[in-house]
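# Commentary on secondary and tertiary structure
In case you want the letters, here they are:
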Amino acid sequence: QPKPSKIQKREFTVVDPWSDSTMSNLLTKISGGLKKLTGYHKSNKIYSGKVPLTSSHNALKNKDVELGGRKYHIKGSPGTGAFAKLYKASVDGNTEEIVALKVQKPAFPWEFYMYRQLDTRISDIQRPSYGYAHEVHVFADVSVLVCNFLPYGTLL
């Protein structure tokens, strides 16, 4: 009988890449790296803006939300995703510049990290097919991902 190779002896562990514990562990390992990413803004304070981001969808319509020195005018809400509330907003009074604000409670910058991974791993030709995250604002209680508004479905 031939001896089994090292590969045959090795046991593999199944990891669910979407589980909260997996994502939290990965974010903990790269937390220093998150700070270096363009557009990453973190505060250890609770969000204290004039408009509560966790309000009902209709309560935010036609309200202004200020984040990172920019003013986002909420046009409406295309819906709620599995993990967050989504808002369509214009930027700094420019009705031509429309973005999506993805408000997630509790704060969780995983999607922003994945967008930055796309920036480095996908070719420039293919990159526009995946949307773009401009920035993320992470507070102690909530995070807000600012990204391209994609009218045909999920940002993820």
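A brief structural summary.

Definitions and limits used
Residues numbered from 1 in each chain as written. Predicted model: local features only at pLDDT ≥ 70, side-chain atom pairs only at ≥ 80, totals over all residues. Heavy atoms only, no water. Helix = DSSP H or I, 4+ residues; strand = E, 2+ residues; numbered from the N terminus. Expected span 1.5 Å × (residues − 1). Buried < 20%, exposed > 50% of the residue type's maximum accessible area, 1.4 Å probe, protein only. 1 Å grid on protein atoms, 1.4 Å probe; cavity = no way out; pocket = protein on both sides within 12 Å on 5 of 7 lines; lining within 4 Å. Points joined across faces, edges and corners; volume = space filled by probe spheres on them. Nonpolar A, V, L, I, M, F, W, Y, C, P; charged D, E, K, R; others polar. Salt bridge = Lys/Arg side-chain N within 4 Å of Asp/Glu carboxyl O. Contact = heavy atoms within 4.5 Å. Core = buried A, V, L, I, M, F, W, Y, C linked by side-chain atoms within 4.5 Å. Pairing = 2+ DSSP bridges.

## Brief notes about helix α4 (residues 110–121)
With 12 residues, α4 should cover 16 Å at 1.5 Å per step; its first-to-last C-alpha distance of 16 Å lies within 8% of that length. Among all positions of α4, only Trp110, Glu111, Phe112, Tyr113, Tyr115, Arg116 and Gln117 are buried.

## Side note on empty space enclosed by the protein
By the definition in use, this model includes one cavity of 30 Å³ or more. Forming the walls of the largest cavity are Lys102, Gln104, Phe108, Pro109, Glu111, Phe112, Val136, Ser143, Val144 and Leu145. Counting only elements with at least two residues in the lining of the largest cavity, the list comes to β5 (94–104), α4 and β7 (143–148). For the lining of the largest cavity, the leading source of residues is β7, giving three residues. Its residues assigned to classes, the lining of the largest cavity shows six nonpolar, two polar and two charged.

## Quick notes on the pattern of salt bridges
According to the stated counting rule, one finds five salt bridges in the structure shown. Taking the shortest distance from any N to any O, the salt bridge between Arg70 and Glu97 comes out at 3.8 Å. Of this pair, Arg70 sits in strand β3 (residues 70–80) while Glu97 sits in strand β5, placing them 27 residues apart in sequence. Classification of Arg70 by relative accessible area gives partly exposed; the value is 32%. Given a relative accessible area of 31%, Glu97 falls into the partly exposed group. Here Arg127 ties to Asp119 by a salt bridge, and the two come within 2.8 Å at their closest N and O atoms. On the accessibility criterion, Arg127 (11% relative accessible area) is buried. A single salt-bridge network, built from bridges that share partners, covers Arg70, Asp92 and Glu97.

## Quick look at the side chain of Ser90
Structurally, Ser90 can be placed in strand β4 (residues 85–91). Residue Ser90 is classed as buried on the basis of its relative accessible area, which comes to 2%. With sequence-adjacent residues up to four places away left out, Ser90 is seen in contact with Lys71, Tyr72, His73, Lys75, Thr95, Glu97 and Ile98.

## Details of the nonpolar core
In this structure, Tyr72 and Leu101 are the most contacted members of the largest nonpolar core, which totals 18 residues. Dropping the residues within four chain positions of it, Leu101 is found in contact with Tyr72, Ile74, Lys85, Leu86, Tyr87, Ala89, Val144, Leu145 and Val146. If you look at the next biggest cluster of nonpolar residues, it comprises 15 residues, including Leu27, Leu34, Ala100 and Leu145.

## Quick notes on the pairing of β5
In terms of strand pairing, β4 meets β5 through seven bridges, oriented antiparallel. Residue pairing in the sheet places Ala89 in a bridge with Val99 of β5. When β5 meets β7, the two strands line up antiparallel, connected through six bridges. Residue pairing for β7: Val103 is matched across the bridge by Val144.

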